[in-house]
Amino acid sequence: MHETLEKLEEYFLDLLARIDEGDEKALDELKAMKSYIAEIHSVLELIDESESLESIEKKMKLLEERFDMLMLELSKVVG
């Protein structure tokens, strides 16, 4: 996890440097990064510090099942 956060920090700093140089694409990438991080944050908020690995796995499985149900319903609506 620590390695992932270091890579994320490097990417973020690279984006900032590119933005300072006037790279419009970097600004769009930064906006997308913000959106992804917000989504990850929302998922992580579901986890309490006192939980075990098993309870976290159960929550993630339930979330996956609900997402699958949503996708199934959307496919029925879209046709």
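The rules we used
Residues numbered from 1 in each chain as written. Predicted model: local features only at pLDDT ≥ 70, side-chain atom pairs only at ≥ 80, totals over all residues. Heavy atoms only, no water. Helix = DSSP H or I, 4+ residues; strand = E, 2+ residues; numbered from the N terminus. Rg over C-alpha atoms; globule rule 2.2 N^0.38 Å. Areas by Shrake-Rupley, 256 points an atom, 1.4 Å probe, with all protein chains shown as cover. Lys, Arg positive; Asp, Glu negative; His and termini not counted. Charge placed at Lys NZ, Arg CZ, Asp CG, Glu CD. Salt bridge = Lys/Arg side-chain N within 4 Å of Asp/Glu carboxyl O. Buried < 20%, exposed > 50% of the residue type's maximum accessible area, 1.4 Å probe, protein only.

J.: Outline the overall build of the protein chain, listing residues and values.
T.: The secondary structure content of the protein chain amounts to three helices and zero strands. Starting at the N terminus and walking to the C terminus, you meet the elements of the protein chain as α-α-α. In terms of overall dimensions, the protein chain is more spread out than a globule: its C-alpha atoms have a radius of gyration of 18 Å, far above the 12 Å expected for 79 residues. Approximately 7100 Å² of the protein chain is accessible, and the part contributed by carbon and sulfur atoms is 61%. Measuring between centres, the 10 positive side-chain charges of the protein chain sit 7 Å from its 22 negative side-chain charges.

J.: Tell me about the pattern of salt bridges, residues and numbers included.
T.: By the definition in use, this model includes five salt bridges. Note that arginine 18 is salt-bridged to aspartate 23, the shortest N-O span being 3.0 Å. Arginine 18 is paired through a salt bridge with glutamate 29; the nearest N and O atoms lie 3.0 Å apart. With arginine 18 in helix α1 (residues 2-20) and glutamate 29 in helix α2 (residues 24-44), this pair connects stretches of sequence that are eleven residues apart. Classification of arginine 18 by relative accessible area gives buried; the value is 18%. Counted as one network, the salt bridges with shared partners bring together Asp14, Arg18, Asp23 and Glu29.

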